[in-house]
Structure formats: structure tokens, C-alpha cells
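Structural overview for review
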Amino acid sequence: MSDNSFSAQADAVRTGGSGLALAVTYVTALFFIWALVTNLLDPLLKTMKTVFTLTPVESMLTGFAFFLAYFVVSLPSAAFLSRFGYAKSIMVGLGGIVAGCLIAIVAATVHVYLVFLAALFIMASGVTLLQVAANPLIASMGSPEDSAFRLNLSQSFNSLGAACGLFFGASFLLNGDIFKRDVVVTDLMREEALGFVTNVYLAIGLALTLFILAIWLVRDRITAAAPRTGQLVSPFTALTSKWANLGSVGIFLYVGAEVAISLNLLLYLEQANILNIEAQSAGHLTTFYMLFAMIGRFAGSALLKVVKDYAMLAIVAVGAIGLCLVVILTKDMLPSAPSGMIDVVLTSVPHTSGLIPAFAALLIGLFNSIMFPTIFTLTLQRSSAPTSATSGLLCLAIVGGAILPLVFAKIEEVTGSKSLAFIAPLLCYVYVLWFAVAARKAPTHAIEESVGHGH
């Protein structure tokens, strides 16, 4: 096939040709997959904390090991993408997740926390390559003015995957006697808890092996729908773009805030001064954090048809700031005595005034909803660097998910209050608000590998 005919086919696919729907479906599935894998971290943190008797900072190393991969692997992933293309990058990324699952199974067998951390790093390396490829891929599949809409729509399924990861993780990872209140932990209980970890990651590894085969079968359609690649692009070129740098700071702080809240939400809700419920019930309740995010993304996708993307980002940043303030300002509130139980679909919770800070924390997910995809597309449309390099820098910034939870945990250790630790995400959302306002007047362009002019 000549370059001209291939280019014509690719243009047809990107603007609505016969291969577009299938390509979009497979790429959207990737958003679901990596969200499910990532959000198993929350119940896994509780498992690790309980089995290995970890301090708050030590337990946050689960998130640190996972999100550190974004810092280490993102720029090499951008270089790999620019040289080998989107389809190969997706298959290699999925293979990295499968490898991490196998190492997690080994870690559960040998009972070594450090091996778990290595497994999480390998898994996240695969997820990083998927993110570097999939975010600009879905944004480029159609008209430039709808790129934020498409990425938000795909991120809606990311939120669905996140909710599934939280719910199934709580159901299958937090199911043993070791998680009962005031229980005396035995070696048999530890063995049972780690056995659940083995089962979960074995199932994920097998499922993703089959999905790699499915991607291989449609690799040509994905390639036709993707921006052109084939020449190695230095990922460091993104550092020369003002908006690539501003956007990367936004991603760093947003992801850091979201992950810090997510990793601590179960531990926050089960506290005696909040809801005073068992770990599994708190784990099921945290599913609402991502369900709210999913609702927000579907609604946000529709609203982005009539509301400017930077305006939507400013609105949700203000909402997240307000909810963090509710959590912080209720730190000394003594919850009323429970007057019964309330069924909330996924679990039951006591009817108490502790529901006010509890649902304030959960509702932050609603306002988180469109932040990542909107910051991402706002940056791609304003960056003067190649798309692969900008995407790599933005994904590198996801390392905020490794750093901010440690800041959150340190504030908790110093103050003795998880509520006051919400100061960390509050400050992150203030920057997101500034970024939204600043993006309003910046010049934009179509999302392409070669931009050719600076801003």
C-alpha cells in the first residue's frame, strides 16, 4: 500500500470510516482495564497494612511503588510510541501488566512485601505505556473540537473500571477473618488473605492475555486510526513547551490529590469518629467515589458539547475545593449516636451525622470526574511539542500519585488527623482552578504529532 493510499485510509478512519467504531471500542476497553488494575490498590493497601503490620507511611508505599513507574517509564514510553506506533505499544503495555500479575502471585507465595512493591511497579509500567498511547489516540480519533468530549467519554469507562476495581477488590481481597475488628491475627489468617491476592491477580493475568490476542487481531485498524509515527522523537522536547510544563504540573497535582484521597478513603470512613464500620463495608462504600466520577464524566461529556472545556474545569475545581473544606472543618465534629442503618445499594451504613464528612469525601469523586481528561486535552491543544512527547511528559506527571499520598500520610502522622490531611488535595485543586483560568486565552491547535509552531 502506498503512503498516499494509507494516509487516505487513515483519514477516513479518523473521520468516521468503517474501522473507527471498532478501534474506539478497543481503546475504550483499555481505559476500563488500567482503571480496574490501578484501583485494586485501595483494598490491597488495607491487605498489606494488616498482613504486614505497616505504619501509615509504610502502607502508602504500595501507591508509591505503583505511581513511581509513571516517573521512570513515561518518557521512555513516549520514545517507544514514537518509534513503534500505537498498536505495538498497547500490546507491550498489556504484557507488562500480565508480568506484574505473575510477580504479585510470587510475592503472595513468598510473603515478602518488597516483592509486592516490585510487582506493582512492573504492572504500573505497563499501565504507563497504555496511558501514553491511549490518551492521545482517543483524542485524535475524529474532529479536533470534540477531542475533550471523546477523551471524557472514554474516561467515563475508566471510572467504571475504577468502581469495579474498588468493589471487587473489597469483595475478594477483604473477605477474611483477619479484617474483623479486634481480631488476634494468626499466620493462618495471613495465609488466607494472601491467597485471595493470588486468586485476583491470576484472574486478571489470564483475562489480559486473551485481550492481547484480541488487540493483535485488530492492530491494523488501530494503526490506521492513530496519528502517524515511525520516527524516534526525543521525549525531552516537551520540556521546551510552556503549556506542556504547565499541564504536567496540573496532572501531577490532580492525580496526586485523587490518589491520596482514594488510598485513604477506606481508612477514613472506617474511623470511629466518622462511620465506625468494618473494613469490607467501608471498602464497598468507597466504590461510590468512582461511581460519582463515572456519573460526572458521562454528564461532563454531554456538557462539554455546550460548555467550554476550561470553564467546566474551573467549575469542578471549585466544587472539589469546597468539599475538601467540609472534610477539614468537620475534623472536631462528634458524630451523633446511630439511629438505625441506611441501605445504600452496595452496603449499609449507620444513620449518623458522620455521614456529612463521609459523603463530602466521597462526592469529591464527582468533581474529580473531568479533571484528568480535560487537563490532558487542554495541554495537547496548547503544547508546541510533538504529541507523543507531550503525552509522555503528562503521563510522567502521574507520579504525583506516588508523592501526594506520602504528603497526606505525613500530615496525618504530624496532626493525628486524617481530616486535616485533606489540606494536601485542597491545595492541589487550587492550582487546577488557576490552570483552567489561564488556559482560557491561550492559542490552540489540532492534536498532531508535528505541531510546527510555538506558543
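Residues numbered from 1 in each chain as written. Predicted model: local features only at pLDDT ≥ 70, side-chain atom pairs only at ≥ 80, totals over all residues. Heavy atoms only, no water.

On to the overall build of the chain. Each helix and strand counted, the chain has 18 helices and two strands in total. When the 455 residues of the chain are sorted by exposure, 59% land in the buried category. Long-range pairs, those at least 24 residues apart, make up 83% of the contacts in the chain with a sequence separation of at least 6. When the accessible area of the chain is evaluated, it comes to approximately 17,100 Å², of which 68% is carbon and sulfur surface. (Helix = DSSP H or I, 4+ residues; strand = E, 2+ residues; numbered from the N terminus. Buried < 20%, exposed > 50% of the residue type's maximum accessible area, 1.4 Å probe, protein only. Contact = heavy atoms within 4.5 Å. Areas by Shrake-Rupley, 256 points an atom, 1.4 Å probe, with all protein chains shown as cover.)

The next subject is the confidence of the model for the chain. Of all residues in the chain, 89% have pLDDT values of 70 or greater, and the mean over the chain is 85. Averaged pLDDT values for the elements of the chain fall to 44 in helix α1 (residues 3-14) and rise to 97 in helix α18 (residues 423-439). The low-confidence segment residues 12-16 (pLDDT under 50) makes 15 contacts with residues lying over four places distant or belonging to another chain. Every residue in residues 451-455 scores below 50 in pLDDT, and together they form 14 contacts with partners more than four places removed in sequence or on other chains. (pLDDT = per-residue confidence, 0-100.)

Take Val92: it is sitting in helix α6 (residues 86-110). Here the alpha-carbon distance between Val92 and Leu129, two residues 37 residues apart in the chain, equals 7.8 Å. When neighbours within four sequence positions are excluded, Val92 is seen to be in contact with Phe80 and Leu129.

All right, on to the packing of helix α11 (residues 242-269) against helix α15 (residues 371-380) then. α15 packs onto α11 with a crossing angle of 170° between their chain directions and a minimal axis gap of 9 Å. Here α11 is positioned roughly antiparallel relative to α15, judged by the angle of their axes. Mapping the contact onto sequence places Trp243, Ala244, Gly247, Gly250, Ile251, Tyr254 and Val255 in α11 and Met371, Phe372, Ile375, Phe376 and Thr379 in α15. A per-class count over the contact of α11 with α15 returns nine nonpolar, three polar and no charged. (Axes fitted to C-alpha atoms, helices over the stretch in contact; angles between N-to-C directions. Parallel < 35°, antiparallel > 145°, perpendicular 65-115°, else oblique. Nonpolar A, V, L, I, M, F, W, Y, C, P; charged D, E, K, R; others polar.)

The next point concerns the nonpolar core. Phe66, Met123, Tyr201, Phe422 and Tyr429 are the most contacted members of the largest nonpolar core, which has 154 residues in total. For Tyr201, the residues in contact, after removing those within four places along its chain, are Leu40, Leu44, Cys101, Ala104, Ile105, Leu120 and Met123. Of all hydrophobic cores here, the second largest spans five residues; its members include Ala238, Ala244, Ala385 and Ala389. (Core = buried A, V, L, I, M, F, W, Y, C linked by side-chain atoms within 4.5 Å.)

Let us now look at unusual backbone geometry. Its identity as a non-glycine residue notwithstanding, Thr53 has a phi of 50°, on the positive side. The phi torsion at Asn276 lies on the positive side, around 55°, for a residue other than glycine. Judged by relative accessible area, Asn276 falls into the partly exposed class, the value being 46%.

Below, the discussion takes up the side chain of Asn39. With respect to the helices and strands, Asn39 occurs in helix α2 (residues 20-39). The residues contacting Asn39, other than those within four sequence positions of it, are Ala162, Gly165, Leu166, Ser262 and Met290.

Turning our eyes to something else, we now look at a nonpolar patch on the surface. Together, Val106, Val110, Val112 and Leu114 make up an exposed nonpolar region whose accessible area comes to about 340 Å². Along the chain, the position of Val112 falls in the loop between α6 and α7 (113-140). (Patch = residues over 30% accessible without salt bridge, like charges linked within 9 Å, V, L, I, M, F, W, Y side chains within 5 Å. Salt bridge = Lys/Arg side-chain N within 4 Å of Asp/Glu carboxyl O.)

What follows is about the environment of Leu404. Tracing the backbone shows Leu404 in helix α17 (residues 400-415). Each C-alpha atom, one on Leu404 and one on Gly256, is 4.8 Å from the other, the two residues being 148 residues apart in sequence. Ignoring anything within four residues of it in the chain, the contact list for Leu404 reads Phe252, Gly256, Ala257, Ala260, Ala424 and Cys428.

Turning to the environment of Gly205, a few remarks are in order. One can find Gly205 in helix α9 (residues 187-217). Judged by relative accessible area, which is 9%, Gly205 ranks as buried. Separated by 111 residues in sequence, Gly205 and Leu94 place their C-alpha atoms 9.4 Å apart. Setting aside residues up to four positions removed in sequence, Gly205 forms contacts with Val98 and Cys101.

The next point concerns the packing of helix α13 (residues 309-329) against α15. Between α13 and α15, whose axes approach to 10 Å, the crossing angle comes to 140°. Pair α13 / α15 crosses with left-handed handedness. Contacts from Asp309, Tyr310, Leu313, Val316, Ala317 and Ala320 in α13 reach Met371, Thr374, Ile375 and Leu378 in α15. For the contact of α13 with α15, a count of residues per class yields eight nonpolar, one polar and one charged. (Left-handed = near helix turned anticlockwise from the far one by under 90°.)

Our next topic: the packing of aromatic side chains. To describe a pair of aromatic rings, you give the distance between the ring centres and the angle between the ring planes. On inspection of all chains with the given rule, the structure shows 17 aromatic pairs. Centroid distance Phe66 to Phe67: 5.2 Å. Interplanar angle 65°. Geometry classified as edge-to-face. Judged by relative accessible area, which is 1%, Phe66 ranks as buried. Taking the centre distance of 5.4 Å and the plane angle of 70° together, the rings of Phe408 and Phe422 count as edge-to-face. With Phe408 in helix α17 and Phe422 in the loop between α17 and α18, this residue pair connects regions lying 14 residues apart in the sequence. Pair check on accessibility: Phe408 and Phe422 agree, each one buried. Aromatic ring contacts, followed pair by pair, group Phe52, Tyr113 and Phe116 into a single cluster. (Phe/Tyr/Trp six-rings, centres within 6.5 Å; stacked < 30°, edge-to-face > 60°.)

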